[in-house]
Amino acid sequence: MQSYSEFADEIGKGNLEKEFDPLGDNDTIGNSLLKMRTNLQRIAEEDKQRNWITEGLAKFADILRNNTDNAEVFSYNVIHNLVRYLNINQGAIFLINDGNGGDPFLELKGAYAYERKKYMDAKFFQGEGLIGQAWQEGEYIYLTDVPEKYINISSGLGHARPRAVMIVPLVMNEETYGVIELASF
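Residues numbered from 1 in each chain as written. Predicted model: local features only at pLDDT ≥ 70, side-chain atom pairs only at ≥ 80, totals over all residues. Heavy atoms only, no water.

### Focus on the overall build of the chain
Scanning the chain from N- to C-terminus turns up four helices and nine strands. Mapped in sequence order, the helices and strands of the chain form the string α-α-α-β-β-β-β-α-β-β-β-β-β. Taking all 185 residues of the chain together, the buried fraction comes to 34%. By element, 49% of the accessible surface of the chain is carried by carbon and sulfur atoms, the whole surface being about 12600 Å². (Helix = DSSP H or I, 4+ residues; strand = E, 2+ residues; numbered from the N terminus. Buried < 20%, exposed > 50% of the residue type's maximum accessible area, 1.4 Å probe, protein only. Areas by Shrake-Rupley, 256 points an atom, 1.4 Å probe, with all protein chains shown as cover.)

### Some points on the packing of helix 2 (residues 28–66) against helix 3 (residues 71–86)
Across the interface, helix 2 lies against helix 3 with an axial gap of 10 Å and an inter-helix angle of 165 degrees. For the element pair helix 2 / helix 3, the angle class is roughly antiparallel. In the packing of helix 2 onto helix 3, the handedness of the crossing is right-handed. Here Trp52, Ile53, Glu55, Gly56, Lys59, Phe60, Ile63 and Leu64 of helix 2 come into contact with helix 3, specifically with Phe74, Asn77, Val78, Asn81, Leu82, Tyr85 and Leu86. For the contact of helix 2 with helix 3, the residue count by class is 10 nonpolar, three polar and two charged. (Axes fitted to C-alpha atoms, helices over the stretch in contact; angles between N-to-C directions. Parallel < 35°, antiparallel > 145°, perpendicular 65-115°, else oblique. Left-handed = near helix turned anticlockwise from the far one by under 90°. Contact = heavy atoms within 4.5 Å. Nonpolar A, V, L, I, M, F, W, Y, C, P; charged D, E, K, R; others polar.)

### Let's talk about a nonpolar patch on the surface
A cluster of nonpolar side chains, Trp52, Ile53, Leu57 and Leu86, forms an exposed patch at the surface whose accessible area comes to about 390 Å². It is helix 2 that contributes the most residues to the nonpolar patch, three residues altogether. As for its placement among the helices and strands, Trp52 is situated in helix 2. (Patch = residues over 30% accessible without salt bridge, like charges linked within 9 Å, V, L, I, M, F, W, Y side chains within 5 Å. Salt bridge = Lys/Arg side-chain N within 4 Å of Asp/Glu carboxyl O.)

### Points about the nonpolar core
A general tendency of soluble globular proteins is for nonpolar side chains to be buried together. Counting 15 residues, the largest nonpolar core has Phe94, Leu106, Ile131, Val165, Ile167 and Val179 as its most contacted members. Mapped onto this core, the elements with two or more residues apiece are strand 1 (90–97), strand 2 (105–113), helix 4 (129–137), strand 5 (141–143), strand 8 (164–172) and strand 9 (175–184). Residues Phe60, Phe74, Tyr76 and Val83 belong to the second largest nonpolar core, which totals 14 residues. (Core = buried A, V, L, I, M, F, W, Y, C linked by side-chain atoms within 4.5 Å.)

### Re the environment of Asn70
Structurally, Asn70 is set in the loop between helix 2 and helix 3. Looking at Asn70, the relative accessible area reads 39%, which means it is partly exposed. From its side chain, Asn70 meets the backbone nitrogen of Glu72 in a polar contact 2.8 Å long. (Polar contact = N/O pair within 3.5 Å; in protein donor to acceptor, adjacent residues only side chain to side chain.)

### Section: the packing of aromatic side chains
Using the criterion set out here, one finds seven aromatic pairs in the structure. Aromatic pair Trp52 and Tyr85: ring centres 4.9 Å apart, planes at 20 degrees, arrangement stacked. Pair noted here: Trp52 is in helix 2 and Tyr85 is in helix 3, with a separation of 33 residues, a long-range link. Residues Tyr76 and Tyr112 carry aromatic rings whose centres are separated by 6.0 Å and whose planes lie at 65 degrees to one another, so their mutual orientation is edge-to-face. Note that Tyr76 is positioned in helix 3 and Tyr112 in strand 2, a separation of 36 residues in sequence. (Phe/Tyr/Trp six-rings, centres within 6.5 Å; stacked < 30°, edge-to-face > 60°.)

This is the structure we're talking about:
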């Protein structure tokens, strides 16, 4: 009974990692305590995920409210905060440019990697590369088997291909306005 009491007290204090071994399969009280801990761990994880989502929604709602005057400043603020919030290595945001009267294309408007703003130029036409493909199909692309000729992430320790790349079209009311590319080890 002492071990049951100590385990229940620790769970009551929020220590959901406390070890406990029931006396066997027929130990109704011990197995019930373990089941209770498992359910509390699941609820705690769900709460953590809900809080993370709520915090992110509030953060990006604030960015949307306060950064609408300049597309490049807005794009940088979105990608900078998204990379940091997701705790990934790099990201880029491309917006559709159709102002020249020619074929519309995706133009890089903001890039962020390793705690730094990146200054690069890039553009993709519809269907061109993975960025253009995501735009054309209106579907996200998630790669874990990243092709060898894909981007390299550079640090002071060297260069390496990312382990995961996610490319997401920015769609509102069934119209695509841009694409976000995220890469991470």
